[in-house]
There are 2 protein chains.
Amino acid sequence: MSTESGRPAPEPADETAPVSEMGDREAPARLRGLPSRLLALTAARADRLVSEGLAEQDARKWHYAVLAALDEHGPTSQAGLSRRTGIYRSDLVAVINELAERGHVERTPDPEDRRRNVITMTARGREHLERLDRVLADIQEELMEPLSKAERALLTSLLGRMLDH
Amino acid sequence: MSTESGRPAPEPADETAPVSEMGDREAPARLRGLPSRLLALTAARADRLVSEGLAEQDARKWHYAVLAALDEHGPTSQAGLSRRTGIYRSDLVAVINELAERGHVERTPDPEDRRRNVITMTARGREHLERLDRVLADIQEELMEPLSKAERALLTSLLGRMLDH
DNA sequence: CCTTCAACGTTTGTCCCGCTAACGTTTATG
DNA sequence: CATAAACGTTAGCGGGACAAACGTTGAAGG
C-alpha cells in the first residue's frame, strides 16, 4: 500500500496486542494450555465475529435471540422473552425498542393482563430473522473452519455437557 | 430486614435467569446448539469460577498472568509484560500497583533505560503464584468435571486449533 | 549538536455487558 | 379489602477491553 514517498500512515508501532488478536504467541506456558483461558479466547473471538456480522445487518445478538424466541413460540410477553433468552428484563426494554424501531416487532398492550406487553414478530421481522440465520451459519463455519465435521459435532457436544453441570 | 417473626425470606421470585445459571433450559432451539453461544456460555461460567476462586485469594486473573510471565522470563518491563500477557498498558498500571501493594512484585526504575520500570517478582509473589496455580487447577477440574481425561485433552486441542485461525 | 521519532509509563475516558435496585402499575391471593 | 406478586421501565454500578493524549526518555540521522 502506498509505496510512494507519501507517508500517510505513521503506523503507531506501539501497540499492545488486542486480546482478540492475541492467539498465544508469547503467552507464558502456564497460560497457554489453560482450558479456562482457551475458552475465554475462543469465546471472545466468536463474540467478535458474531457482533461484527450482525452489525452489518444492523442487528445485535440479543435481537437474534428475541426473534428466535418469537419464531418458536409465537407472541410473548417481555417477561416471557426475558426467561427464554436469558436477557435481563432491564436490558430487554432497549432491545424491544430497537426491534420495534426497525419494524421487526410490535409491542402491544395485552388486553387480558394490562401489566403485559405482548411482543409480536412482523413479516419484516421474520425475513430479518432468516437473514440473520444465514449470517450466523456463516460465522459458525468460519469459526470452526479448521475442524472436521465430526470434530465440530464433538466440540458442541463437549461444551453442551459442560453446561449441564 | 430481620423482623423476627418467621419471615421466610421474601424470595424475590421475580428473576430473570442470570446468564451464568442459564444452561439452556428454555432457550429457543435455534440458539441451543449454536457453537458461538455454547462457547460464550461455557466461557462465562469459566470466567465466573476463575474470578471467584481468585477473589478468595485476593487476586484477579491479570495478577496471575503477570506473575506467570515474571516467573517464566525473569524481571521484565511493563511494556514487555503487556506484550506477553495481552494486557493493555493502560490497564497494566493498576495491576502492577495492586501486586506491588500486596508485596508480590516490585517496581524499580531501570537505570539503563530510565523510561522503563523493571518489574520483579518477590518471594511472596512466588508463593502466591503457587497458591494460584493450585486454585486454577482445581477450577479446571471443576469446569471439566463431566469430561473424561481424554475428552479434556481433546477439548483443549480443538480450542487450540481454532485459535490458530 | 539538534531535531525528529519511537518507546515507555501514566491518566483519563469511552463503550459494552451482566447485573442490581427501585418504582409505579396491575393482577392474584386470602 | 389488604397484601403480595408479577410486569415493564429507569437508573446505576462494576468490570473489562480499548483509544487518545501527554510528559519523559532514549535512538538515529543530518
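Reference entry: report on the structure contained in this document. (Residues numbered from 1 in each chain as written. Chains lettered and ligands numbered in written order. Predicted model: local features only at pLDDT ≥ 70, side-chain atom pairs only at ≥ 80, totals over all residues. Heavy atoms only, no water.)

### Describing the nonpolar core
To keep it simple, the criterion reads: Nonpolar cores are built from buried Ala, Val, Leu, Ile, Met, Phe, Trp, Tyr and Cys residues. Side-chain atoms within 4.5 Å join them into one set. Partly exposed describes any residue whose relative accessible area lies between the buried limit of under 20% and the exposed limit of over 50%, with all areas from a 1.4 Å probe on protein chains only and scaled to the type maximum. Note on contacts: a residue pair qualifies if any of its non-hydrogen atoms lie within 4.5 Å across the two residues.
Grouped together as the largest cluster of nonpolar side chains are 78 residues, with contacts concentrated most on Leu39, Val66 and Leu155 of chain A together with Leu39, Val66 and Leu155 of chain B. When near neighbours in sequence (up to four residues on either side) are disregarded, leucine 39 of chain A contacts Leu159 and Met162 of chain A together with Leu39, Thr42, Ala43, Ala46, Leu143 and Leu159 of chain B.

### Some thoughts on the relation of the copies chain A and chain B
Basically, it comes down to this: Only residues with pLDDT of at least 70 in both copies count here: their C-alpha atoms drive the least-squares fit that superposes the copies.
The two copies are related by a screw operation: chain A maps onto chain B through 180 degrees of rotation and 0.0 Å of translation along the axis, at an RMSD of 0.1 Å. The operation mapping one copy onto its partner corresponds to a two-fold rotation axis. With an isologous cut-off of 70% or more, the 100% of interface residues of chain A that recur at the interface of chain B puts this contact in the isologous class.

### Description of the environment of glutamate 141 of chain B
Residues and elements named next belong to chain B. Convention followed: Numbered from the N terminus, helices here are DSSP runs of H or I no shorter than four residues, and strands are runs of E no shorter than two. Throughout this description, a polar contact denotes any pair of N or O atoms lying within 3.5 Å of each other; where both atoms belong to protein, one of them has to be capable of donating a hydrogen while the other can accept it, and for residues adjacent in sequence the pair is counted only when both atoms sit in side chains.
Within the element layout of this structure, glutamate 141 appears in helix H6 (residues 123-143). Since its relative accessible area comes to 40%, glutamate 141 is described here as partly exposed. The sequence separation of glutamate 141 and arginine 152 amounts to 11 residues, and the corresponding C-alpha distance is 9.6 Å. Within the structure, the side chain of glutamate 141 is placed 2.9 Å from the side chain of arginine 152, a separation counted as a polar contact.

### Remarks on the packing of helix H3 (residues 61-72) of chain B against helix H5 (residues 89-101) of chain B
Residues and elements named next belong to chain B. Spelled out, the test is: Every angle, taken between N-to-C directions, lies between 0 and 180 degrees, and every axis is a line fitted to C-alpha atoms, over only the stretch in contact when it is a helix. By definition in this entry, angles of less than 35 degrees are roughly parallel, angles greater than 145 are roughly antiparallel, angles of 65 to 115 are roughly perpendicular, and the rest are oblique. Residue polarity follows a fixed list, in which Ala, Val, Leu, Ile, Met, Phe, Trp, Tyr, Cys and Pro are nonpolar, Asp, Glu, Lys and Arg are charged, and the others, Gly among them, are polar.
Direction vectors running N to C along H3 and H5 enclose 80 degrees, while the axes themselves pass 10 Å from each other. Comparing the axis directions of H3 and H5 gives the class roughly perpendicular. Residues Trp62, His63, Val66 and Leu67 of H3 form the contact with H5, whose own contacting residues are Leu92, Val95, Ile96, Glu98 and Leu99. When the residues that make up the contact of H3 with H5 are grouped by side-chain class, the tally is seven nonpolar, one polar and one charged.

### Here we look at the interface of chain A and chain B
Using the following cut-off: Computed with a 1.4 Å rolling probe, the buried area is the accessible surface lost when two parts are put together, summed over both parts. We count a salt bridge whenever a side-chain nitrogen from Lys or Arg sits within 4 Å of a carboxyl oxygen from Asp or Glu.
Contact residues are listed per partner, giving 59 residues for chain A and 59 residues for chain B. Taking both sides of the interface into account, the surface hidden between chain A and chain B amounts to around 5,700 Å²; carbon and sulfur atoms contribute 66%. Counting across the chain A and chain B interface gives eight salt bridges. One salt bridge connects arginine 30 of chain B with aspartate 71 of chain A, and the closest N-O pair in it is separated by 2.9 Å. The tally of links between chain A and chain B comes to 12 residue pairs in polar contact (both at pLDDT 80 or more). When contributions to the side of chain A that touches chain B are tallied by element, the ones reaching two or more residues are helix H1 (29-32), helix H2 (35-56), helix H3 (61-72), helix H4 (78-85), helix H6 (123-143) and helix H7 (149-163) of chain A. Counting residues per element, the side of chain A that touches chain B draws most heavily on H2 of chain A, which supplies 11 residues.

### Quick notes on the packing of aromatic side chains
How we decide: Stacked, tilted and edge-to-face are the three classes applied to pairs of Phe, Tyr and Trp rings, where Trp contributes its six-membered ring and a pair requires centres within 6.5 Å; stacked means planes under 30 degrees apart, edge-to-face means over 60, and tilted covers the rest. We call a charge positioned over a ring when the NZ of a Lys or the CZ of an Arg lies within 6 Å of the ring centre and within 35 degrees of the ring normal.
For the coordinates displayed, the defined rule picks out zero aromatic pairs over all chains. One Lys or Arg, lysine 61 of chain A, reaches over the ring of tryptophan 62 of chain A and ends 5.4 Å from the middle of that ring.

### Re unusual backbone geometry
All names here are of chain A. At aspartate 58, a position not held by glycine, the phi torsion is positive, near 60 degrees. The topology assignment puts aspartate 58 in the loop between H2 and H3. Classification of aspartate 58 by relative accessible area gives partly exposed; the value is 44%.

### Notes on helix H7 (residues 149-163) of chain B
Residue and element names in this part refer to chain B. Rules: Here the expected length of a helix is defined as 1.5 Å per residue gap, with one fewer gap than residues.
When the terminal C-alpha atoms of H7 are compared, their 22 Å separation across 15 residues agrees well with the 21 Å that a helix rising 1.5 Å per residue should span. Listed in full, the buried residues belonging to H7 are Arg152, Leu155, Leu158, Leu159, Gly160, Met162 and Leu163. Just downstream of H7, histidine 165 is the residue with a positive phi angle, here 50 degrees.

### Looking at the sheet that holds strand E2 (residues 105-109) of chain B
All names here are of chain B. Our working definition: Paired strands, in this sense, are two strands between which DSSP finds at least two bridges.
Strand order in the open sheet made by the three strands is E1-E3-E2, with antiparallel pairing throughout. Lying at the two open borders of the sheet, with one neighbouring strand each, are strand E1 (76-77) and E2. In this sheet, strand E3 (residues 117-121) lies alongside E1 in antiparallel orientation, the contact comprising two bridges. Within E3, the residue paired with threonine 76 across the bridge is isoleucine 119. Those strands touched by H5 are E2 and E3, and its axis lies near 115 degrees from that of E2.

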